[in-house]
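These are the residues of each chain, in order.
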Amino acid sequence: MANPSARVLIVVNDSDTIRMVGQPSLKKAGYEVLFCSTADAAVEQAVPFLPHVVILDHDLPEINGRDLMIALKSAGIEAPFIELMKTDDAAGIVQSYRMGAREILLKPFKETELFAILESIMTEVRDKEERDQLADQLAEANYRLELSAREMTTLIDIQNTLKNAKSEFEAVDQLLE
């Protein structure tokens, strides 16, 4: 299983050329890379891998990229999707965005284009993780503060009860009420 704090990437593509060229570049850039050549393998392996970014080819052998996005989302993968497409068909691109693609990269593309998109997405992912961590810390601090406030209120109530008590027995009776 991938380290959840590491920059991870899952690439789904049926093209051996992109796999051979892409994997060394992505690993050299610090990404932990999992390549899957079929949609079934991607869905099966994505859940334990926990990708931060999913790059997928629109033209997979068994289903298209949009259907794979739906399958991965159904499996619980919430990572941003970059879809690789051969066409600049506007309707297809719009549909891919509607289905959940964060970015569309038209083939052929330059490695620098891919890395620019990845860095932008990874910055957003890291920012979101940091916000989530800070929100968790704030919730924990609020919880501890509420407990302390309840304890203080209880102590003040006990103190007021004891001040108002006329005798020791009356104080015990009032505390037990």
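Shown above is the structure to which this text applies.
The paragraphs below set out a description of the structure included in this document.

Parameters and conventions
Residues numbered from 1 in each chain as written. Predicted model: local features only at pLDDT ≥ 70, side-chain atom pairs only at ≥ 80, totals over all residues. Heavy atoms only, no water. Helix = DSSP H or I, 4+ residues; strand = E, 2+ residues; numbered from the N terminus. Buried < 20%, exposed > 50% of the residue type's maximum accessible area, 1.4 Å probe, protein only. Contact = heavy atoms within 4.5 Å. Areas by Shrake-Rupley, 256 points an atom, 1.4 Å probe, with all protein chains shown as cover. Axes fitted to C-alpha atoms, helices over the stretch in contact; angles between N-to-C directions. Parallel < 35°, antiparallel > 145°, perpendicular 65-115°, else oblique. Left-handed = near helix turned anticlockwise from the far one by under 90°. Nonpolar A, V, L, I, M, F, W, Y, C, P; charged D, E, K, R; others polar. 1 Å grid on protein atoms, 1.4 Å probe; cavity = no way out; pocket = protein on both sides within 12 Å on 5 of 7 lines; lining within 4 Å. Points joined across faces, edges and corners; volume = space filled by probe spheres on them. Patch = residues over 30% accessible without salt bridge, like charges linked within 9 Å, V, L, I, M, F, W, Y side chains within 5 Å. Salt bridge = Lys/Arg side-chain N within 4 Å of Asp/Glu carboxyl O. Core = buried A, V, L, I, M, F, W, Y, C linked by side-chain atoms within 4.5 Å.

1. Some thoughts on the overall build of the chain
Then step 1. For the chain, the count of helices and strands is 6 helices and 5 strands.
Then step 2. In the chain, the succession of α and β elements from N to C terminus is β-α-β-α-β-α-β-α-β-α-α.
Then step 3. For the chain, the proportion of its 177 residues judged to be buried stands at 33%.
Then step 4. Across the chain, every contact between residues at least 6 apart in sequence was considered, and the portion connecting residues at least 24 apart equals 58%.
Then step 5. Within the structure as shown, the chain displays about 11,100 Å² of accessible surface, and the carbon and sulfur contribution to it stands at 55%.

2. Looking at the packing of helix 2 (residues 39-49) against helix 3 (residues 65-74)
Then step 1. Put simply, helix 2 and helix 3 touch, their axes get as near as 10 Å, and they point 25° apart. For the element pair helix 2 / helix 3, the angle class is roughly parallel. Our pair here, helix 2 against helix 3, has a crossing hand that is right-handed. Here Ala39, Ala42, Val43 and Ala46 of helix 2 lie close against helix 3, whose contacting residues are Leu68, Ala71 and Leu72.
Then step 2. Each residue belonging to the contact of helix 2 with helix 3 can be placed in one class, and the counts come to 7 nonpolar, no polar and no charged.

3. Let's talk about the layout of surface pockets
Then step 1. Of the pockets and cavities examined, the largest pocket occupies roughly 460 Å³.
Then step 2. Around the largest pocket sit 16 residues that line it, and His52, Glu78, Ala79, Val125 and Lys128 are the ones nearest its centre.
Then step 3. For the lining of the largest pocket, the class distribution of residues is 8 nonpolar, 2 polar and 6 charged.

4. With respect to a nonpolar patch on the surface
Then step 1. Taken together, the side chains of Met152, Leu155, Ile156, Ile158, Leu162 and Leu175 define a hydrophobic patch exposed on the protein surface, amounting to about 530 Å² of accessible area.
Then step 2. The dominant element in the nonpolar patch, judged by the number of residues it contributes, is helix 5 (residues 111-164), at 5 residues.
Then step 3. Of the residues examined, Leu162 reaches a relative accessible area of 47% and is grouped as partly exposed.

5. Comments concerning the nonpolar core
Then step 1. Counting 22 residues, the largest nonpolar core has Ile10, Val12, Cys36, Val54, Leu56, Leu68 and Leu72 as its most contacted members.
Then step 2. Looking at this core, the elements with two or more residues in it are strand 1 (8-12), strand 2 (32-36), helix 2, strand 3 (54-57), helix 3, strand 4 (81-85) and strand 5 (101-106).
Then step 3. When residues no more than four places from it in sequence are discounted, the contact partners of Val12 are Cys36, Thr38, Ala42, Ile55, Leu56, Asp57, Leu60 and Leu68.
Then step 4. Val11, Tyr31, Leu114 and Leu118 belong to the second largest nonpolar core, which has 17 residues in total.

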